[in-house]
Amino acid sequence: MSFSPPGKTLTEPEDLIAAGFSAPEQADVLAKVAARYSVAVPAGVAALIERRDDTLGRQFLPDPRELTILPHERADPIGDDAHQAVKGLIHRYPDRALLKLTSVCPVYCRFCFRRERVGAATEGLLDAPALDSAFAYLAAHREIWELIVTGGDPLAVSPRRLAELSARLNKLDHVKILRFHSRVPALAPERVTQELIAALRASGKTVYVALHANHPRELTAQARAAIARLVDSGIVMVSQTVLLRGVNDNVETLAVLMRAFVENRVKPYYLHHADLAPGTSHLRLPLEEGRELVRTLLGRLSGLCQPVFVVDIPGGHGKAPAGPDYWRREGEGWRVEDWRGKSHCYADPAGPKSPAS
Ligand SMILES: *Cc1c(COP(=O)(O)O)cnc(C)c1O
Ligand code: SF4
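Residues numbered from 1 in each chain as written. Chains lettered and ligands numbered in written order. Predicted model: local features only at pLDDT ≥ 70, side-chain atom pairs only at ≥ 80, totals over all residues. Heavy atoms only, no water.

> Can you tell me about the site of ligand 1, naming the residues and giving the values?
In the neighbourhood of ligand 1, the contacting residues comprise I78, I90, R92, Y93, R96, L98, I148, R179, Y269, Y270 and K319. A distance of 2.7 Å separates an oxygen atom of ligand 1 from a polar atom in the side chain of Y269. Within the side chain of Y270, one N or O atom sits 2.5 Å away from an oxygen atom of ligand 1. Considering ligand 1 on its own, with 380 Å² of exposed area, one finds that the protein chains cover 92% of that surface. Mapped by element, the contributors of at least two residues to the shell around ligand 1 are β2 (89-93), β3 (96-100) and β8 (266-273). Broken down by element, the shell around ligand 1 gets its largest block of residues, three residues, from β2. When its residues are assigned to classes, the shell around ligand 1 shows seven nonpolar, no polar and four charged. (Near = heavy atom within 4 Å. Polar contact = N/O pair within 3.5 Å; in protein donor to acceptor, adjacent residues only side chain to side chain. Areas by Shrake-Rupley, 256 points an atom, 1.4 Å probe, with all protein chains shown as cover. Helix = DSSP H or I, 4+ residues; strand = E, 2+ residues; numbered from the N terminus. Nonpolar A, V, L, I, M, F, W, Y, C, P; charged D, E, K, R; others polar.)

> Report on the nonpolar core, specifying residues and quantitative values.
Side chains of nonpolar character tend, in soluble globular proteins, to be buried together. With 84 residues, the main nonpolar core has L147, F180 and L200 as its most contacted residues. Sort the elements by how many residues they give to this core and helix α9 (residues 251-263) lands first, with seven residues. In contact with L200, other than residues within four places in its own chain, are L155, L162, S166, L178, F180, V207, V209, L230 and I235. Counting five residues, the second largest nonpolar core, distinct from the first, contains A40, C105, Y108 and V118. (Core = buried A, V, L, I, M, F, W, Y, C linked by side-chain atoms within 4.5 Å. Buried < 20%, exposed > 50% of the residue type's maximum accessible area, 1.4 Å probe, protein only. Contact = heavy atoms within 4.5 Å.)

> Can you lay out unusual backbone geometry for me, pointing to particular residues and giving the numbers?
At the junction of G151 and G152, the peptide bond is cis and its omega measures out at 10° in the coordinates. Positive phi, close to 60°, is recorded for D53, a residue that is not glycine. Considering the arrangement of structural elements, one finds D53 in the loop between α3 (43-46) and β1 (84-86). We note that R265 has phi near 65°; this positive angle belongs to a residue other than glycine. Counting through the fold element by element, R265 comes out in the loop between α9 and β8.

> Which residues make up helix α10 (residues 287-300), and what are the values?
Across its 14 residues, α10 extends 21 Å between first and last C-alpha, which sits within 8% of the 20 Å expected from 1.5 Å per residue. For α10, every residue scored as buried is listed here: G290, L293, V294 and L297. Seen along its axis, α10 keeps its buried residues to an arc of 95°; they face one direction. Packed against the buried residues of α10 are β7 (236-243), α9, β8 and β9 (308-313). (Expected span 1.5 Å × (residues − 1). Arc of directions from axis to C-beta.)

> Tell me about the pairing of β2, and name the residues and values.
Burial runs high along β2: four of the five residues are buried. Across two bridges, the pairing between β1 and β2 is antiparallel. Bridge pairing links Q84 to I90 in β2. Connecting the antiparallel pair β1 and β2 is a turn made up of two residues, with G88 showing a positive phi of about 85°. (Pairing = 2+ DSSP bridges.)

> Describe the sheet that holds strand β4 (residues 146-150), listing the residues and the values that go with them.
Pairing is mixed across the open sheet formed by ten strands, whose spatial order is β1-β2-β3-β4-β5-β6-β7-β8-β9-β10. The strands lining the two open edges of the sheet, one partner per strand, are β1 and β10 (318-321). Adjacent strand axes in the sheet meet at a mean angle of 30° when their direction is disregarded. By the bridge criterion, six bridges tie strand β5 (residues 177-182) to strand β6 (residues 206-212) in an arrangement that is parallel. Bridge pairing in β6 places R179 opposite Y208. Packing of helix α5 (residues 159-170) onto the sheet brings it into contact with β3, β4 and β5, and relative to β5 it is tilted by some 155°. The sheet contacts of α10 involve β7, β8 and β9, and relative to β9 the element is tilted by about 160°. (Axes fitted to C-alpha atoms, helices over the stretch in contact; angles between N-to-C directions.)

> So what's going on with the pattern of salt bridges? Which residues, and what values?
For the structure on display, the rule yields 29 salt bridges. The partner of E164 in a salt bridge is R160, with the nearest N and O atoms 3.2 Å apart. Placement of both E164 and R160 in helix α5 is noted, with a separation of four residues, approximately one turn of the helix. Overall, the relative accessible area of 39% leaves E164 in the partly exposed class. Linked by salt bridges that have partners in common, D80, R92, K100, R114, D312 and K319 make up one network. (Salt bridge = Lys/Arg side-chain N within 4 Å of Asp/Glu carboxyl O.)

> Break down helix α7 (residues 194-201) for me, citing the residues and quoting the values.
Every buried residue belonging to α7 is among L196, I197, A199 and L200, and all of these are buried. Each buried residue of α7 lies within a common arc of 160° when the element is viewed along its axis, so the set occupies one face.

Below is the structure:
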């Protein structure tokens, strides 16, 4: 297999200006943004950015508007802290726990919901005592059926470390599913080596990789090949996408993206309303607009291409489906809207309830 060489990662406003991605007159204000929220654009990602103000590039290039923080935005937008069982382990739902294995990513997204916690200035990998506590907690909580490994980007961690994690997990019989959330297969596909895949699979669990991708151009030939290596190895893949202003906020782009996932054996899973992370309002759509976009996708695209539109409720209350409603009560039955927007009656007379079990 041949991969493009990694090359230099752009991390400073001067690098971005030299590359032609940012305006020279913004050097000072971008330095303020970069001091607050990490910037990293690896060479492979820079190659995908076509020009200043590119739709794909808006995800990664710092913007002066990031300094505008609205009163309802929060440092911990989805309330991870409220459910932190031990350091790095969030146990919000009974049957699944989430491990923040690392706080670094190969590339930093400007809309990141953990932007206050990830970045170059953080500790990086979860330290050994924290990992011991997390495994002690997992061992003691037999209701945990699934472990979700996230970060940061867990697939940026070395295969050796990931293999250690898998080996420890292998001993926990009650954990059946191991799920990694990552941007690596798309944005750093050269990291998806047979060694990495073997490390992910070493747990003996059913392994899922949830690919985070928001723009169709992220799915390059190299990305598609990396996805194929994962899926061919027996790993199941699903997608998650964040709905972003100026990146993917139209039906055409979403349709191409969702179809590209399905064509590459990645089942669309979630479309996220952008979280209320600080300094991200310019990238967020009003909820109403997101709901309308999702409504338009229905019927236009195969059922395989339909993600669930979700909002993470601030305060740690979990995700709630946010898609449009098609049903409302009418008399004894319902009124339902079809994919063309036409409305129909649906008879649903009150019948005997099923016996209580
Ligand atoms: C999103 C999330 C999960 C996973 O939720 P799913 O609906 O199963 O994808 C689990 N734990 C936490 C803390 C989360 O934020
Ligand atoms: S890859 Fe994920 S954790 Fe990392 S910056 Fe992007 S959204 Fe945040």
